[in-house]
Amino acid sequence: MLEQLGINAREAEKKLMIASTAEKNKALIKISEGLIAGADKIIEANKIDLKNGEENGMAQAMLDRLKLDQSRIEGMAKGVMDVVSLPDPVGRILDTVTRPNGLKIQKVSTPLGVIAVIFEARPNVTSDAAALCLKSGNTVILRGGKEAIHSNKIIAQIMRRAVKEAGMPEDVIQLVQDTSRDSANELMTMNQYVDVLIPRGGAGLIQAVVKNATVPVIETGVGNCHIYVDKDADIKKAVDIVFNAKTSRPSVCNAAESLLIHKDIADTVLVKIKEKLDEKNVTLVGDDAARNIIADMDKATEADWATEYLDYKMSVKIVDSVEEAVEHIYKYSTGHSECIVTENMDTAELFMNQVDSAAVYVNASTRFTDGGEFGFGAEIGISTQKLHARGPIGLPELQSFKYKIYGNGQIR
C-alpha cells in the first residue's frame, strides 16, 4: 500500500519538477477555492474527529488544536493563497562561476523530491504542507494521526481534485489512510521513494521518527519556550507578553512554557503576571523563591523545567542575573523560541547573542514564531535543528540545489 504511494509520488515528481510557476499557482488557487467551497463537508468530518477525541479523553487544549470551523478553514485557504503570492523558489541561480578552462558552472535551486510529513492532531497541517510542497516542486505523502483522520481525508480529497482540475497529476498530494504505527514505521524506512521526512507533533512522535527513521529527517520543534523578565523590564509589557505567549493558544509549540524573572523586580512583576494569568486559570509551579512570593504555588520539579506542557501550566524561576537566565535556558531549552523583556538594549543584545535557539525575541511574544508571521506564507513546521533548515520551514527550506555546467568540448 505505502510502496504504491511512493511509486505514485516518484512518477508525479517528474511532471511537478518542471511545472511552471503559473501552473503551480493555478493548482494552489483551485485548492484554496476548494477548501472554501468544501467547508461544510470539512466541518462535518471534523465533528466526528472531535467527538471521538472527547470520548477518548483528549485534553481541551488538544481538542482546540484539532478543531476546525469556518474561520479556521478560511485561514487555511488564505494560507494557500499566501503561498501563491510568494516567489517560486525553483530554478533560482544561486551562484555562477566561470573557470579558467572556460567551463561555466551554475548553482541552481531544485526541489528536494518526495517529502513525507508525519503529523498529529492538526488538520490544518494537511493543507499547509501540501501547498508549500506543491509550490516548491515537491510531491508530498501526508500521514496524519488517527485523531484527525476524517478531517484529513476530506481535505486531501478536495486538494487532489483541485490539482487534477488544474491539469496536474493528483498524486503530487497523497494521504496515508492507515493511521497505525506500522504505517508510520514503514514510511520512516522508504528510502527508495522518500527523500526527506518531516515529523510535526509532540516530543514522542518527533523522537520516534528521529531514532527510527532511515530516511533523512528535518527535526521539527518541541517547544519548551522561555520568557525572561529582566530587572530593567517594562512591567506592563512583561505582563502582556507573558499572558499572550502562554494563553493565546497553549497547545502550540511556540507557546511559552517557562518564566524566568530577575530577583530585583520579582516581588512586583510575578504578582501582576499571576493576576493576569488567573484570568485563564493558568497553574504555576515554581522554585522556592517564587513560592515565597506566591504562597499557594506548588513546587516545581526537575522535570517541570524541561516540560512542554501544551496546556494552561507554566514553570517559574527567580534568577539573580541575565547570565543565570541564559544558563537555565541552555540547560532546559529545546532550541525553539526564547524571549527577553527589557528596556536595556545592552542586556537584550547579550541575551540574543548568547541564547542559541531558532528564534530569539526582545519585547515580543514567542507566538510570532510562525511561517505566516515571518512572511513565509504557510509552514510545514518549526525546525529546531541546524541542518538543513532552522526556524519556520517555508519554501526556501524545501529546496536543495544542483550544479549546471556549460562547456564547449573541454576534457580533463
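Everything numeric here is computed off the predicted structure, so don't read it as measured data. Within any chain, residue numbers begin from 1 and follow the written order of that chain's sequence. Note on the predicted model: pLDDT of at least 70 is required for a residue's local features to be given, and 80 or more for side-chain atom pairs to be given and counted; whole-chain, interface and lining totals, by contrast, use all residues. Each side-chain value is worked out from all heavy atoms of the structure, with water and hydrogens disregarded.

**Topic: the sheet that holds strand E1 (residues 93–98)**
Taking strand neighbours across the sheet as the criterion, the three strands line up as E1-E2-E16 in an open arrangement whose pairing is antiparallel. Lying at the two open borders of the sheet, with one neighbouring strand each, are E1 and strand E16 (399–406). Neighbouring strand axes in the sheet, compared pairwise and without regard to direction, differ in orientation by 20° on average. Of the strand pairs in this sheet, E1 and strand E2 (residues 104–111) are connected by five bridges, and their pairing is antiparallel. When the bridges of E2 are listed, threonine 96 appears paired with glutamine 106. Think of it this way: DSSP has to see at least two bridges between two strands before they count as a pair. Runs of E in the DSSP output that reach at least two residues are strands. Runs of H or I that reach at least four are helices, and both are numbered from the N terminus. For helices, the axis comes from a line fit to the C-alpha atoms of the stretch in contact; other axes are also lines fit to C-alpha atoms, and the angle between any two N-to-C directions lies between 0 and 180 degrees.

**So, the pattern of salt bridges**
Salt bridges are defined by distance alone: a side-chain nitrogen of Lys or Arg within 4 Å of a carboxyl oxygen of Asp or Glu. Here the structure, examined in full by the defined rule, presents 23 salt bridges. Across the salt bridge formed by glutamate 257 and lysine 246, the nearest N and O atoms sit 2.7 Å from each other. Taken together, the residues glutamate 257 in strand E8 (residues 256–262) and lysine 246 in helix H10 (residues 235–247) connect sequence positions eleven residues apart. Lysine 246 matches glutamate 257 in its accessibility class, with the two residues each being buried. A simple rule labels every residue: compare its accessible area, found with a 1.4 Å probe on the protein chains alone, to the largest value its type can have, and call it buried under 20%, exposed over 50%, or partly exposed in between.

**Examining H10**
How far a helix is expected to stretch is found by multiplying one less than its residue total by 1.5 Å. Taking 1.5 Å of rise per residue, 13 residues should cover 18 Å, and H10 covers 18 Å from first to last C-alpha, within 8% of that figure. For H10, the complete set of buried residues consists of Ala238, Val239, Ile241, Val242, Phe243, Ala245, Lys246 and Thr247. Contacts: residue pairs with any heavy atoms within 4.5 Å of one another. In this fold, the buried residues of H10 make contact with strand E7 (225–229), E8, helix H11 (266–277), strand E11 (313–319) and strand E12 (337–341). Of the residues that open H10, the one with a side-chain oxygen 3.0 Å from the backbone nitrogen of lysine 236 is aspartate 234. Counted as a polar contact is a pair of N or O atoms within 3.5 Å, where, for protein atoms, one must be capable of donating a hydrogen and the other of accepting one, and residues adjacent in sequence contribute only when both atoms are in side chains.

**A few points about helix H8 (residues 181–188)**
Those residues of H8 lying buried are Ser183, Ala184, Leu187 and Met188. Along the long axis of H8, the arc covered by the buried residues comes to 140°, so they all point the same way. Among the exposed residues of H8, those pointing more than 90 degrees away from its buried face are Arg181 and Asp182. Tucked into the core, H8 has its buried residues touching helix H1 (2–16), strand E3 (114–119), strand E4 (139–143), strand E6 (196–200) and helix H9 (203–212). Note that the arc is defined by the directions from the helix axis to the C-beta atoms.

**Let's talk about the packing of helix H3 (residues 39–55) against helix H7 (residues 149–165)**
What describes two packed helices is the angle between their axes and the distance between those same axes. Where H3 meets H7, the axes come as close as 7 Å, and the angle between the chain directions of the two elements is 160°. Relative to H7, the element H3 lies roughly antiparallel. Across from Lys41, Ile42, Ala45, Asn46, Ile48, Asp49 and Asn52 in H3, the residues of H7 making contact are Ile149, His150, Ser151, Ile154, Ile155 and Ile158. For the contact of H3 with H7, the per-class residue count stands at seven nonpolar, four polar and two charged. Put simply, angles under 35 degrees are roughly parallel, angles over 145 are roughly antiparallel, angles from 65 to 115 are roughly perpendicular, and the rest are oblique. Any residue that is not Ala, Val, Leu, Ile, Met, Phe, Trp, Tyr, Cys, Pro, Asp, Glu, Lys or Arg is counted as polar, Gly included; the first ten are nonpolar and the last four charged.

**Observations regarding the pairing of E11**
The buried fraction of E11 is high, at six of seven residues. Two strands pair when backbone bridges link them, and E8 and E11 are joined in this way by five bridges, in the parallel orientation. Paired with leucine 260 across the strands is lysine 317, a residue of E11. As paired elements, strand E9 (residues 283–286) and E11 share four bridges and run parallel to each other. Looking at the pairing, threonine 283 lines up with lysine 313 of E11.

**Observations regarding the layout of surface pockets**
With a 1 Å grid spanning the protein atoms alone, the term cavity applies to any set of points in which a 1.4 Å probe fits but cannot get out, the term pocket to an open set with protein on both sides within 12 Å along at least five of seven lines, and the term lining residue to any residue with an atom within 4 Å of a point. Grid points are joined across faces, edges and corners, and a volume is the space filled by probe spheres set on the points. Its volume calculated, the largest pocket comes out at about 730 Å³. In this structure, the largest pocket is lined by 27 residues; those nearest its centre are Arg122, Asn124, Asp128, Arg249 and Asp370. Looking at the lining of the largest pocket, the elements with two or more residues in it are helix H5 (70–84) and helix H6 (124–135). Of the residues contributing to the lining of the largest pocket, the split by class is six nonpolar, eight polar and 13 charged. A volume near 300 Å³ is recorded for the second largest pocket. Arg143, Thr179, Arg181, Ala184 and Leu205 are, among the 15 residues lining the second largest pocket, the residues nearest its centre. Broken down by secondary-structure element, the contributors of at least two residues to the lining of the second largest pocket are E3, H8 and H9. A total of four residues in the lining of the second largest pocket trace back to one element, the largest contributor, which is H8. Residue classes in the lining of the second largest pocket are distributed as six nonpolar, four polar and five charged.

Honestly, that's just the spatial picture; any functional story needs more than this.
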